[in-house]
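Below are the chains, spelled out letter by letter.
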Amino acid sequence: MDKANSAPGQPESRPGHDPYGTPPYGQPGPWAPAPPVQRPSPTPPAGTYVPPEHTTPAGGTHLPPGGTPAGGTHVPPRYDPWAGHGSAVPPPAALPGQAGGQAAEPDHPRTSSLVAGAAVVALIAGLIGGGVGSYLERNGTFSDVRLEQTVTENGPAPEGSIAGIAQTVVPGVVTLHVSGSGEAGSGTGFVLDDEGHILTNAHVVRPAAEGGVIDVTFSSGDSARAEVVGQDSGYDLAVVKVSGVSGLSPLTLGDSDAVRVGDPVVAVGAPFELAGTVTSGIISATERPITAGGEEADGSDVSYVNALQTDAPINPGNSGGPLVDINGRVIGVNSAIRTADSGGFDTGQAGSVGLGFAIPVNQAKDVAEQLINTGRATYPVIGVTLDTGYLGDGARVGSSSDTPAVVPGSPADEAGVRDGDIITAVDGERVRSSDELIVKIRSHRPGDELELTLEREGEDMALTVTLGESDGD
């Protein structure tokens, strides 16, 4: 029995034992079982008078309240600690029949009932305890804070969203692992057609130029060996090809001439070999003349690009990957970044500072078609030698060697360009240096007509030149 339910100042009750059964407590004597008593309910509060019980001891002797049975032992009135609990209290212990008598035999039926009841209670308590434990294991304690959460089933991404662009573009983007000539590196490329042609940067595949190895890993995780179809360092573009691969996802080429400053764009690639990385930004500028490379002593690795500038993060490993518009169409090939430490344009290991540059896809498409069809690319020329030591504004025609400043019979010669002329604009766009002039010319095709603005002996003049053609490297 729970101690809290015991009468104040009275001994605790235990199953099969009546604290008032032996007066005085623990003294032996002859006993006879007494009839069970149905207790009233509820139990009076502490301090309330309780009428004494009339109990008949063994032998039929009537005991008045507070009376003394045979043997002279006083029996106090009983207080019922079980009252109010909806059950009969176990019968009180037998009273002595005579002084010096023996204790009565235990009441076996009552003990068995108590044991059975205790077993049932234990079983119910075990079931309840197990259920509570299981609930707490799944849901924490009853006092734990549980926050609401909305669960959304992923469906098709909204058209024009970054997620939608990624779902369209990522399957067509690959990672290239290149080794050879004592070098190794990685970069990005994207699938051009179902025949396995992949476009990337020339500086990505350069280590494999002479007997190296190129392994291409697709977004699915599958890999294939690739061979170089052709490359051109002047444009920093190359085409490789995989064979025997099905289920390719060629990307759609857009129109870089239609790109405007502020247009949203997405870059996809494998920066630091983290394949399938998607970054976003806007077009920060168009027709940004840049030169990149220059690690080779002879300058054979220098590329001239009239680039698209973007603030979409581009890092080492993004080289050769696509820059796409909101419709998932390729508008550029990521090629270089401006670095804060060197102050130059880098294709190496510097990190992004928000100044990335991509080769316009219109130029890349033209070069890729030439590389696929002939294995080499041609580029436009006007046929002059430029004075790289000139520090003024514009590009000065001149040579410090035996090479003529204006090649005889060249487009420039036919247009009337002379040694010492300073070219200051192309088609009305200002030219500040020799590199900028080359970039402006390289952004066109052989056969295009350009208007050159130049300064000769202090006077400005304009000449029209038709671009010639020269083989790439």
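Residues numbered from 1 in each chain as written. Predicted model: local features only at pLDDT ≥ 70, side-chain atom pairs only at ≥ 80, totals over all residues. Heavy atoms only, no water.

J.: Break down the overall build of the protein for me, with residues and values.
T.: The helix and strand tally for the protein stands at six helices and 22 strands. Out of the 473 residues belonging to the protein, those deemed buried represent 38%. Within the structure as shown, the protein displays about 25,000 Å² of accessible surface, and the carbon and sulfur contribution to it stands at 51%. (Helix = DSSP H or I, 4+ residues; strand = E, 2+ residues; numbered from the N terminus. Buried < 20%, exposed > 50% of the residue type's maximum accessible area, 1.4 Å probe, protein only. Areas by Shrake-Rupley, 256 points an atom, 1.4 Å probe, with all protein chains shown as cover.)

J.: Can you tell me about the confidence of the model for the protein, naming the residues and giving the values?
T.: In this model, the protein carries a mean pLDDT of 80, and residues with pLDDT of at least 70 account for 67%. Contacts of residues 52-63 to residues separated by more than four positions or lying in other chains number 22 contacts, the stretch itself having pLDDT below 50. A low-confidence stretch, residues 94-105 (pLDDT under 50), is modelled with 35 contacts involving residues beyond four sequence positions or located in other chains. (pLDDT = per-residue confidence, 0-100. Contact = heavy atoms within 4.5 Å.)

J.: Any details on unusual backbone geometry? Residues and values, ideally.
T.: The phi angle at Asp427 is positive, at roughly 50°, despite the residue not being glycine. Residue placement: Asp427 occurs in the loop between β18 (422-426) and β19 (429-430). Note on Asp427: relative accessible area 40%, which makes it partly exposed. Backbone geometry places Glu457, a non-glycine residue, at a positive phi of 50°. When you line up the elements, Glu457 lands in the loop between β20 (449-456) and β21 (459-466).

J.: Lay out helix α2 (residues 162-169) with the relevant residues and their values.
T.: Taken together, the buried positions of α2 are occupied by Gly164, Ile165, Ala166 and Val169. Summarising the contacts, the buried residues of α2 are in contact with β3 (173-180), β9 (264-269), β10 (277-292) and β12 (322-324).

J.: I'd love a proper account of the sheet that holds strand β4 (residues 183-191), names of residues and values included.
T.: Strand order in the closed barrel made by the six strands is β3-β4-β5-β8-β7-β6, with antiparallel pairing throughout. If you compare each strand with its neighbour and ignore which way they point, the axes differ by 40° on average. Sheet topology note: the strand β6 (residues 213-217)/strand β7 (residues 223-232) ladder contains four bridges and is antiparallel. If you follow Ile214 over to β7, its bridge partner there is Ala226. Against the sheet, helix α4 (residues 361-374) engages β5 (197-200), β7 and β8 (237-242), with an angle of about 50° to β8. (Pairing = 2+ DSSP bridges. Axes fitted to C-alpha atoms, helices over the stretch in contact; angles between N-to-C directions.)

J.: So what about a negative patch on the surface? Which residues, and what values?
T.: A cluster of acidic side chains, namely Glu183, Glu295, Glu296 and Asp298, defines a negative patch on the protein surface. The class of Asp298 is exposed, set by a relative accessible area of 63%. (Patch = residues over 30% accessible without salt bridge, like charges linked within 9 Å, V, L, I, M, F, W, Y side chains within 5 Å. Salt bridge = Lys/Arg side-chain N within 4 Å of Asp/Glu carboxyl O. Lys, Arg positive; Asp, Glu negative; His and termini not counted. Charge placed at Lys NZ, Arg CZ, Asp CG, Glu CD.)

J.: Break down the pairing of strand β15 (residues 356-360) for me, citing the residues and quoting the values.
T.: Along β15, five of the five residues are buried, which leaves the element largely enclosed by surrounding structure. Note: strand β13 (residues 330-338) against β15, five bridges, orientation antiparallel. Each residue of the ladder has a partner; that of Gly332, found in β15, is Pro360.

J.: I'd like to hear about the packing of aromatic side chains, residue by residue, with values.
T.: One pass over the full model with this rule turns up zero aromatic pairs. Taking the ring centre of Tyr379 as reference, the NZ or CZ of Arg442 above it sits at 3.9 Å. (Phe/Tyr/Trp six-rings, centres within 6.5 Å; stacked < 30°, edge-to-face > 60°. Lys NZ or Arg CZ within 6 Å of the ring centre and 35° of its normal.)

J.: Explain the environment of Leu467 to me, and be specific about the residues and the numbers.
T.: In this fold, Leu467 is placed in the loop between β21 and β22 (468-471). C-alpha separation for the pair Leu467 and Leu450, spaced 17 residues apart in sequence, amounts to 7.5 Å.

J.: I'd like a description of the side chain of Gln370, backed by residues and values.
T.: Structurally, Gln370 is set in helix α4. Judged by relative accessible area, which is 17%, Gln370 ranks as buried. Non-local contacts of Gln370, meaning those with residues more than four positions away in its chain, are made with Gly375, Arg376, Ala377 and Thr378.

J.: Please set out the environment of Val169 residue by residue, giving values where relevant.
T.: Its location among the elements puts Val169 in helix α2. For Val169, a relative accessible area of 0% translates into the label buried. Spatially, the C-alpha atoms of Val169 and Ala267 are 9.7 Å apart, while their sequence positions differ by 98 residues. Setting aside its immediate chain neighbours within four residues, Val169 contacts Leu251, Val268, Pro322, Val324 and Gly328.

J.: Can you tell me about helix α6 (residues 434-442), naming the residues and giving the values?
T.: Burial analysis of α6 places seven of its nine residues in the buried class, the great majority of the element. Among the residues making up α6, those that are buried are Ser434, Glu436, Leu437, Val439, Lys440, Ile441 and Arg442.

J.: Lay out the pattern of salt bridges with the relevant residues and their values.
T.: Where charged atoms from two side chains of opposite charge come close, those side chains can pair. The full count for this structure, using the stated rule, is 11 salt bridges. In this structure, the salt-bridge partner of Asp215 is Arg225, at a minimum N-O distance of 2.6 Å. Of the two residues, Asp215 is situated in strand β6 and Arg225 in strand β7; the sequence distance between them amounts to 10 residues. You can call Asp215 partly exposed: its relative accessible area is 29%. When the shortest N-O distance is used, the salt bridge between Asp366 and Arg445 registers 3.7 Å. Here Arg445 lies in the loop between α6 and β20 and Asp366 lies in helix α4, a separation of 79 residues in the sequence.

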